Amino acid sequence: MLKDLGIHSGTLIACLVMGYFVIKWAVKAAILEAHYEITGEKSDEEKRVEEMMEEDAERRRAAQKS
């Protein structure tokens, strides 16, 4: 069947693995977004990302001043 499509088995496996991780990421993002909309509170991961972004912004401002 794969030969009819012109796909090697390694290519099929790589595509399936990539598809798995893309779907896993999309479901996780949707769950986090729904949780925020329902409860109004952010997850620990979102809080850490915001902290890292703020630290990065501070470093960029400090680098521009010097």
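In this report, the structure presented in the accompanying data block is examined. Just so we're clear, the structure is a prediction, and the values are computed from it rather than from any experiment.

### What about the overall build of the chain?
Along its length, the chain carries 3 helices and 0 strands. In the chain, the order of α-helices and β-strands from amino to carboxyl end is α-α-α. Taking 2.2 N^0.38 as the reference for a compact globule, 66 residues should give roughly 11 Å; the C-alpha atoms of the chain span a radius of gyration of 21 Å, well beyond that estimate. In terms of principal-axis extent, the alpha carbons of the chain reach across some 60 × 40 × 15 Å.

### Section: a nonpolar patch on the surface
Together, Met 1, Leu 5, Ile 7, Leu 12 and Leu 16 make up a nonpolar patch on the protein surface, roughly 530 Å² of accessible area in all. Note that Leu 16 resides in helix 2 (residues 9-39). A relative accessible area of 56% means that Leu 16 is categorised as exposed.

The rules behind the values
- Residues numbered from 1 in each chain as written.
- Predicted model: local features only at pLDDT ≥ 70, side-chain atom pairs only at ≥ 80, totals over all residues.
- Heavy atoms only, no water.
- Helix = DSSP H or I, 4+ residues; strand = E, 2+ residues; numbered from the N terminus.
- Rg over C-alpha atoms; globule rule 2.2 N^0.38 Å.
- Patch = residues over 30% accessible without salt bridge, like charges linked within 9 Å, V, L, I, M, F, W, Y side chains within 5 Å.
- Areas by Shrake-Rupley, 256 points an atom, 1.4 Å probe, with all protein chains shown as cover.
- Salt bridge = Lys/Arg side-chain N within 4 Å of Asp/Glu carboxyl O.
- Buried < 20%, exposed > 50% of the residue type's maximum accessible area, 1.4 Å probe, protein only.

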